[in-house]
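# Overview (structure and organization)
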Amino acid sequence: MIQLNSGTQMPEIGFGTGKTSTEAVVNALKAGYRLLDTAQMYGNEAEVGEAVRISEVPREEVFVTTKLNNGHHDPSAVHETFAASLERLDMDYVDLFLIHWPMPMLEVDYVDTWKAMMELAESGRARAVGVSNFQPDHLQRLIDATGVAPAVNQIEMHPYFPNDEVREYCQDHGIAVQAWSPLARTDQFGEPILAEIADRLGVTPAQVMLRWHLQRGVVAIPKSNTPERIASNRDIYSFELSPQDMTGIASLDKGEDGRRGGHPDSFRG
């Protein structure tokens, strides 16, 4: 568990639910995951809520994250759609609610969106609030305008795109960092550097990448529909990467060419 600036605690590895089945979410909970990441955009909040109930894991033991869809940045829409998310999840609260993308091209200023998010936190229906895909200048605007830093910034991050500028800004300002696409959509599994480390340590390339995130102080949220991979992705505490391993993985950085998703300044969703 890691401590958020909101005072709540969050597991240091989670399960991403985008394009996964209800059965996969149940399997993740049975494998020991206690952080589930969904979003209004994914269209599966109801399935995630149902998976929690099927698993019979007590609700208070599961850290549930969902995210505001890009068309709902108006402050009134933040409240309305958040209530709809709770209804779909069939829950009284979520542990973390994020602005999915900054969307700086909208007429609605994301600072006003953030103020509405803060109101949800004050109500207790969102135990913590944060953002996703925000750059340092976006984050600084929020802090300057409200004096409140997001609890979490969820960003694209993997060895081809370590996103160090954003990670370092967040860690310097007490903002926890989560990695989406932590396995680079699996296209790094054949990378010789990762394969050599995995073979030497007797683990998988995916486990190497997830351990890399952990040692960088980042919460990874991998996803899979395969029970064996779901369990394997969480088994990253029985080994450690050496400084030489970390340096080797750092050499895979491709800068902006390594980005798989959209750029936060221009992504429209």
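What counts and how
- Residues numbered from 1 in each chain as written.
- Predicted model: local features only at pLDDT ≥ 70, side-chain atom pairs only at ≥ 80, totals over all residues.
- Heavy atoms only, no water.
- Buried < 20%, exposed > 50% of the residue type's maximum accessible area, 1.4 Å probe, protein only.
- Helix = DSSP H or I, 4+ residues; strand = E, 2+ residues; numbered from the N terminus.
- Arc of directions from axis to C-beta.
- Contact = heavy atoms within 4.5 Å.
- Core = buried A, V, L, I, M, F, W, Y, C linked by side-chain atoms within 4.5 Å.
- Polar contact = N/O pair within 3.5 Å; in protein donor to acceptor, adjacent residues only side chain to side chain.
- Expected span 1.5 Å × (residues − 1).
- Pairing = 2+ DSSP bridges.

This brings us to helix H5 (residues 136-146). If you check which residues of H5 are buried, you get Pro 136, His 138, Leu 139, Leu 142 and Ile 143. For H5, the buried positions fall inside an angular range of 165° around the axis, keeping them on one side. Count one or two residues on from H5 and you reach Gly 147, which has phi positive near 75°.

It is worth spelling out the side chain of Gln 135 at this point. When you line up the elements, Gln 135 lands in the loop between strand S7 (129-132) and H5. Judged by relative accessible area, Gln 135 falls into the buried class, the value being 14%. Residue contacts for Gln 135: discarding those within four places in its chain leaves Val 166, His 263 and Pro 264.

With that out of the way, let us pick up unusual backbone geometry. A positive phi angle is found at Glu 56, which is not glycine, with a value near 65°. Here Glu 56 falls in the exposed class, since its relative accessible area comes to 69%. Positive phi, close to 65°, is recorded for Asn 133, a residue that is not glycine. Structurally, Asn 133 can be placed in the loop between S7 and H5. With relative accessibility at 4%, the residue Asn 133 sits in the buried group.

We now examine the nonpolar core. If you look at the biggest cluster of nonpolar residues, it comprises 68 residues, and the most contacted ones within it are Phe 15, Leu 36, Phe 97, Trp 114, Val 208 and Leu 241. Residue contributions to this core peak at seven residues, all from helix H4 (residues 110-123). The next biggest cluster of nonpolar side chains, apart from the first, holds 15 residues, and it includes Leu 35, Ala 176, Trp 180 and Ile 221.

Looking at where Tyr 42 falls in the secondary structure, it is placed in the loop between strand S4 (35-37) and helix H2 (45-55). With 119 residues separating them along the chain, Tyr 42 and Phe 161 place their C-alpha atoms 23 Å apart. What Tyr 42 contacts, discounting residues up to four positions off in sequence, is Thr 17, Gly 18, Asp 37, Lys 67 and His 100. A distance of 3.2 Å separates polar atoms of two side chains, one belonging to Tyr 42 and the other to Lys 67.

Glancing now at helix H3 (residues 75-89). An ideal rise of 1.5 Å per residue puts 21 Å on 15 residues; H3 measures up with 21 Å between its terminal C-alpha atoms. Listing the buried residues of H3 in full gives Ala 77, Val 78, Thr 81, Phe 82, Ser 85, Leu 86 and Leu 89. Two residues or fewer after H3 comes Asp 90, characterised by a positive phi angle close to 60°.

Judged by pairing direction, the sheet is parallel, and its eight strands sit side by side in the order S3-S4-S5-S6-S7-S8-S9-S10 without closing on themselves. At either margin of the open sheet sits one strand with a lone partner, and together these are strand S3 (15-16) and strand S10 (219-220). Pairing geometry for S3 and S4, over two bridges, is parallel. In the sheet register, Phe 15 faces S4, and the bridge partner there is Leu 36.

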